[in-house]
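The residues making up each chain are set out below.
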Amino acid sequence: MAKNLQSALSTLSVRVDKNVFPSSDDDAMKKKIFTTHSPDHGTNIDVLPLLQIIKDIMNIAYPEGPQAKKTTTTESVLNYDSSEMFEVLAPKINKVACEISCKCTGGGDKDAAIGILKTLSNYGWDAKAAITLAAFAVNYGEFWLVAQLYKINPLANSLGLLKQVPNILGQYESHKPWFDDVTNLVQTTLEVTHIIIELQKLSERYISLNALFMTIVPQTKVAVYWIIRSIVACASVLTTLIGMVDEHLTATTEALESELSSLIFKINNIHRYLTQEKDRCIQRIREIELIEAYQKLIDIMNTTHLDNIKPLQHLISLKEGQTPLYQSSTKIRVSIEILRKKTVLLLISDLYLPSEGFWVLEKIYKEAKQNPTKPENQYEVVWLPVVPDLTEDKKNKFEGIRNNMPWYSLFHPSLLHPAVIMFIKEKWHFNCKPLLVVMDPQGRIVNTNALHMLSLWGSGAFPFTSQKEEALWRDQKTWRVELLVDVNCIEPKISDWIAKGKYICLYGGDDINWIQRFRTAVQAFVKQAGIELEMLYVGKSNPGNKVVTINNDIIQKHGDVLLDLARIRAFWVRLENMFHSKFQSAKSRIDDQLLKEINAMLTYDGNGKGWAVISRGSNDWMNRVDGDTILKCLINYGQWKEKAGKDLLRALNDQLKANKPPHHCNRVILPGTTGVPEIVICADCGKSMEKYILYRCCTD
C-alpha cells in the first residue's frame, strides 16, 4: 500500500542545500539537457493562461485533494481570451500526452524527460514545462471527469469500465495517498514554473544586470528537466493504478514510490532554492533602482528650472494626473499645480509632531492666510510624512494628524518614494526630528531647515532663505528680554513692564529650596533698592511635578504672573530654536556674544540648578547668572549698595563678575537627533565642550 509521501517527507530537513542540483545534475547531464534546446523565436508564447487552466483542472478534477476548490467550474476557465494560442498548442500538447503515455510505464526516468525536451526543442524553457504539464492535465482531467460522471452518464460508464474506474474507486482509501502526492507534486511544479517565468522576465527586462542572472538562468533550465521528469512519474502513477488488481504489482509500486518520494523532495528543494534566488534578484534590483532614482533626484534638485513643478513632481508624485495632496479644510485631493511658482515650505516629520513647536507654526500660518495678498504671506506649507512601515495603528494616527492640519498634506505616506526618503535623510539630514525645508518658486532649495527661524520671526522671515536668517540676526544688537521671550505667545504683560521701565527677573530650575531662598532674597533686595521688579518663573525645559509644586507655591504665597506648563515648554522650545538658528547663521561661533548667551541659558537648564536673568527696558543687555552667585550678591546688597548709584544693573553685573565661581561644570542638553552641532563652546571659559550621548527617562 502506498504511503502518504508528503507527510513522510515533512519530517525531513527543510533547509535548502546551496547545491540543490547535485551529482545527478553534473556537467554531462546539463550538457545533454541544454543540447535539446533549439530555439525558434517564432514560437515564443505567453504560457500564463495555459498554466491557469492547468491549475483549474488540478483543483477541480480531484475534489478531495489537499488544495482542491469545492466548485464545479471557475470563471477563469470560461474567460480566457487566448483561443489562438490554444489552437496552436493543442497538437503539441496531444503529441506530448501520447509520448508520456508511451514512456511512463517504466517510471519517470531520464530518457523519457530528455525525449520530451527534444520534442519541444524549439519552445522556450517555460513553454516546455507548461506544455508538459498541460499534457498531463489532459489525461488526469479525463480520468477524473469519467470518475465523476460514470454513474450517471452511459458514455462515462463505458469509458470508466475500460479505465478501471470502479475498481480504483473501490480501493479509494488505499489509493488516496497516491492521488494526494501526485496533486501536491503537480501543484509544486506549477509554482516552480511560475517562478521560472518571473526570473525569465526579470532577466529580459534588466539586460544590463546580466551578471545577476548568469548563475540562476542555467539552473532554471535544469529545473524544467526535473519538472518534466516529475510529470512523467505522476503519469506513471495513474497508469500503475489502472493496472493494479487488489495488492498486486508490489515491485512496481515500490519502485514508483521510491521515485516519487525522491522527486517530491527534489522539486521542493528546487522550489525553495529558486524562490530564494528570485527574492535575492528582486532585492538587488530594488537596491539598484533605488540608487538610480536617488541619483536622478539629486540631478533634478541641482538643475536650474523655470518653476518648481519638476522638482516637486520628483519629490511628491512622478505619475502625471495624480492628486497627491490633501486639503483638510475642503477634504479634497489636489494636484501639485496649486503650488506652481510659490515658495513652498516642506514640513518633513514622522508621526510625532511636538505640540510645543507647532502651535507657533500653526498660528503664523493661519495669520498669513488671513492676509494672503501681503508679499510676506505668499507661501504654502506641505506636510511630507516619513512613515516607512505603515501599520493599521500608524495609518489611523496619520489620518488623524492629516485631517487636522491647516496646510496641505501628502494624501498617503506611500506616495513618498523610498528614493525621496533616502534623499531627505542623506541630503537634508532628517532623522525623526521635524524639518522645514524651503523651496523657492524656481524649485531651488534655499534653506534645509527654516523651522527655527520661522518660529522666531514668523512671516517676517519670508522668503525664509539662509541669507534672510543671517540678516535677521544682524539686526539683533543686544541680548534683550523681547528676544528671549515671545511676548505675544508666552507673556504679553512683558511689553507693559518694559514700557513702564520696570526691572524684570526671569528665573528657573526645579530646586524648591533654592527658589524659596531666592524669592526671599529678591523681596529684601527690592525693598532696599526701592525699585519695581516683576518676576516670571519659567521652570525647566521638561517641566514635571517639581515645577508644578513650585508654581502652586508661588501663586499661594506671592500671586505672581505664572506660566502654565504649555507656555513654559514654549519658552524653552523658543530658546532651542534660537540656538539652532543662531548656530547655523553665526559667522564665528566662538566670538558670537548672542550665541554665547543662548548657550549659557541652555547650560543652566542642563545643570538642573537655579538661575536668573535680570533686565530693564528694551535696549539694555540682560545679565544672566547661576543661582548661587545671584543669591550671594542679593543677600550682600548692603555691601555694594553705595556702588549702585544710578545704574543698578551695571553695579549688579560688576558684583556678579567679581563673585563668579573659580570652577564650573556646565552641561548643554539639546533634544532630538537632527541639527546637533559637533562643537559647542562653553559659555564660561570659551573652550570646546566634550560631547556625550545622554539617554534619559524622566517620570517627574
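Above: the structure in question.
Residues numbered from 1 in each chain as written. Predicted model: local features only at pLDDT ≥ 70, side-chain atom pairs only at ≥ 80, totals over all residues. Heavy atoms only, no water.

Engineer: How do you make sense of the pattern of salt bridges when you look at a structure like this?
Structural biologist: In a structure, side chains of opposite charge can pair up when their charged atoms sit close to one another. For the structure on display, the rule yields 21 salt bridges. With its nearest N and O atoms 2.8 Å apart, the salt bridge here joins Glu277 to Arg280. One end of the pair is Glu277 and the other is Arg280, both in helix α13 (residues 250–301) and 3 residues apart, which spans about a single turn. Residue Glu277 is classed as buried on the basis of its relative accessible area of 14%. Between Asp496 and Lys500 there is a salt bridge; the shortest N-O distance is 3.3 Å. (Salt bridge = Lys/Arg side-chain N within 4 Å of Asp/Glu carboxyl O. Helix = DSSP H or I, 4+ residues; strand = E, 2+ residues; numbered from the N terminus. Buried < 20%, exposed > 50% of the residue type's maximum accessible area, 1.4 Å probe, protein only.)

Engineer: What should I look at first to understand unusual backbone geometry in this one?
Structural biologist: Glycine aside, residues mostly have negative phi, and peptide bonds are mostly found in the trans state. Residues Phe462 and Pro463 are joined by a peptide bond in cis, for which omega reads 5 degrees. Summarising the element assignment, Pro463 is placed in the loop between α18 (451–457) and α19 (466–474). If you check the backbone angles, Lys341 has positive phi at about 60 degrees while not being a glycine. Positive phi, close to 60 degrees, is recorded for His429, a residue that is not glycine. Tracing the chain through its elements places His429 in the loop between α17 (418–427) and β6 (435–439).

Engineer: What is the right way to look at the packing of helix α22 (residues 512–529) against helix α27 (residues 637–644) in this model?
Structural biologist: Packed helices, taken two at a time, are described by the angle between their axes plus the distance between the axes. Running from amino to carboxyl end, α22 crosses α27 at an angle of 40 degrees, the nearest separation of the two axes being 12 Å. The two elements α22 and α27 meet at a crossing, and its hand is right-handed. Where α22 approaches α27, its residues Phe525, Gln528 and Ala529 are matched on the opposing element by Tyr637, Gly638, Trp640 and Lys641. Partitioning the contact of α22 with α27 into residue classes produces 4 nonpolar, 2 polar and 1 charged. (Axes fitted to C-alpha atoms, helices over the stretch in contact; angles between N-to-C directions. Left-handed = near helix turned anticlockwise from the far one by under 90°. Contact = heavy atoms within 4.5 Å. Nonpolar A, V, L, I, M, F, W, Y, C, P; charged D, E, K, R; others polar.)

Engineer: What am I meant to see in the packing of aromatic side chains here?
Structural biologist: For any pair of aromatic rings, geometry is given as the distance between the ring centres together with the angle between the planes. Taken as a whole and assessed by the stated rule, the structure comprises 25 aromatic pairs. One Lys or Arg, Lys128, reaches over the ring of Trp125 and ends 4.9 Å from the middle of that ring. Above the plane of the ring of Phe411 lies Arg333, whose end atom (NZ or CZ) is 3.9 Å from the centre. (Phe/Tyr/Trp six-rings, centres within 6.5 Å; stacked < 30°, edge-to-face > 60°. Lys NZ or Arg CZ within 6 Å of the ring centre and 35° of its normal.)

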